[in-house]
Amino acid sequence: MIDAVVIQPESATVEPSIAGVSWASVTAGAVVSCALTFVLLAFGIGLGLSVVSPWAGSGVSATTFKIGTGLYLIVIAMLSSSIGGYLAGRLRTGWVGVHSDEVYFRDTAHGFVAWALAAVLGAVLLASPAGSLISGGASGATQGAAAASRGGPMDGYVDTLLRSDTPASQTAGNSNESRGEMLRLFTSRFRNGGELKPADREYLSKVVAARTGLSQADADKRVNEVVTQAKADLDAARKATAQLAFWLTASLLIGAFCASLAATEGGGLRDGTWGSRARRQ
């Protein structure tokens with residue numbers, strides 16, 4: 001009589017009891033990344049203030065400064081994200097019985113999550129009063145003058161419009177009223193990229209002619225020149241803001257890649273598999 005032995009296959013793989021995300025290591029990496037970002041930002045502000053100059057022919061040009069600022073943002077993202085991601089991968093809890101491909105994915109995810117948490121923390125800190133320490137340093141050179149004048153962005157254009165060869169003529173009793181009206185007119189028309197209406201231009205020309213003693217033709221010319229200059233300055237500010245946004249986007253994406261890659265290295269070094277993993281690739 002022959003006994004039959006039936007071997008049943010294992011129904012399922014036992015899932016490790018340890019969680020797939022080590023939040024302690026992710027938080028540590030994110031905090032370190034944020035701290036390094038603020039340190040490098042503070043250094044960059046000091047470096048930027050040292051290379052610009054109000055004197056003609058001194059310091060770097062505006063184009064060089066903008067490109068240098070963008071490249072420095074990328075350097076900040078690479079350094080801070082790499083160190084933060086490496087710590088997130090190196091400090092995470094070990095996974096026993098997990099396939100090597102799954103470990104590789106989890107390490108990469110740890111670096112990416114650490115980068116995301118650092119980005120959120122940085123945004124919150126910059127939006128809070130603590131961010132004024134950095135933003136205040138960037139505008140420290142002009143903060144005193146701006147606080148003293150309390151002027152808006154259109155005050156300079158109105159000053160140019162109302163400038164007279166005979167300053168005594170500017171002491172008329174209705175000077176404040178006409179100036180406030182012109183400020184409101186400029187601000188409302190240029191706020192959304194609009195244009196001055198023909199009636200507004202004609203009115204401005206009459207006010208300029210009456211306040212400065214210029215002829216009507218010269219007043220019209222001055223109004224056209226100031227309006228053109230104001231639009232050129234607004235367009236330059238728009239382009240500079242757009243370029244800064246593109247540089248920030250590039251630095252964030254590069255930071256995410258560096259954090260993920262550094263986390264895989266940190267996790268592999270922790271488990272002693274980094275060399276063999278690199279050879280398989």
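Calculation criteria
As a convention, each chain's residues are numbered from 1 in the sequence order in which they are written. In keeping with the model being predicted, local features are shown solely for residues with a pLDDT of at least 70 and side-chain atom pairs are shown and tallied solely at 80 or more, while totals for entire chains, interfaces and linings include all residues. As a convention, hydrogens and water are excluded, and side-chain values are obtained from all of the structure's heavy atoms. In this analysis, rings of Phe, Tyr and Trp, with Trp reduced to its six-membered ring, are considered paired at centre separations within 6.5 Å, and the interplanar angle assigns stacked below 30 degrees, edge-to-face beyond 60, and tilted for intermediate values. Comment: elements are numbered from the N terminus, with helices defined as DSSP H or I runs of at least four residues and strands as E runs of at least two. Residue exposure (1.4 Å probe, protein chains only): buried if accessible area is under 20% of the type maximum, exposed if over 50%, otherwise partly exposed. Only protein atoms enter the calculation, which uses a 1 Å grid: trapped sets of points that fit a 1.4 Å probe without letting it out are cavities, open sets showing protein on both sides within 12 Å along at least five of seven lines are pockets, and any residue with an atom within 4 Å of a point is a lining residue. Grid points are joined across faces, edges and corners, and a volume is the space filled by probe spheres set on the points. Residues were grouped as follows: Ala, Val, Leu, Ile, Met, Phe, Trp, Tyr, Cys and Pro as nonpolar; Asp, Glu, Lys and Arg as charged; and all remaining residues, including Gly, as polar. Salt bridges are identified by distance alone: a Lys or Arg side-chain nitrogen within 4 Å of an Asp or Glu carboxyl oxygen.

Novice: What is the right way to read the packing of aromatic side chains from this model?
Specialist: To describe a pair of aromatic rings, you give the distance between the ring centres and the angle between the ring planes. Following the criterion strictly, the structure yields one aromatic pair and no others. Both rings, one in Phe112 and one in Trp115, keep their centres 5.3 Å apart while their planes meet at 40°; by these two values the pair is tilted. Of this pair, Phe112 and Trp115 both sit in helix α3 (residues 100–127), three residues apart, roughly one helical turn. Given the relative accessible area of 42%, Phe112 is considered partly exposed.

Novice: Is there a simple way to think about the layout of surface pockets in this case?
Specialist: In this structure, the largest pocket occupies an estimated 1500 Å³ of space. What lines the largest pocket is a set of 44 residues, and nearest its centre among them are Leu41, Thr69, Leu73, Leu244 and Leu248. Per-element tally for the lining of the largest pocket: the top contributor is helix α2 (residues 62–90), with twelve residues. Classifying every residue of the lining of the largest pocket by side-chain character gives 27 nonpolar, 16 polar and one charged.

Novice: Honestly, empty space enclosed by the protein in this entry has me stumped. Any pointers?
Specialist: Leftover empty space is mapped by rolling, across the atoms, a probe with the size of a water molecule. For the coordinates displayed, the defined rule picks out one cavity of 30 Å³ or more. By volume, the largest cavity amounts to about 40 Å³. In terms of lining, the largest cavity is formed by Gly29, Ala30, Ser33, Ser81, Gly84, Gly85, Gly111, Ala114, Trp115 and Ala259. Mapped by element, the contributors of at least two residues to the lining of the largest cavity are α1 (23–51), α2 and α3. Each residue belonging to the lining of the largest cavity can be placed in one class, and the counts come to four nonpolar, six polar and no charged.

Novice: Where do I start with the pattern of salt bridges in this structure?
Specialist: Close approach of charged atoms lets side chains of opposite charge pair. Tallied over the full model, the rule gives five salt bridges. With a shortest N-O distance of 2.6 Å, Asp235 and Arg238 are connected by a salt bridge. With Asp235 and Arg238 both in helix α9 (residues 216–271), this residue pair falls three residues apart, about one helical turn. When its relative accessible area of 28% is taken as the criterion, Asp235 is described as partly exposed. Look at Arg238 and you get partly exposed, because its relative accessible area is 49%. Linked through salt bridges whose partners overlap, the residues forming this network are Asp235, Arg238 and Lys239.

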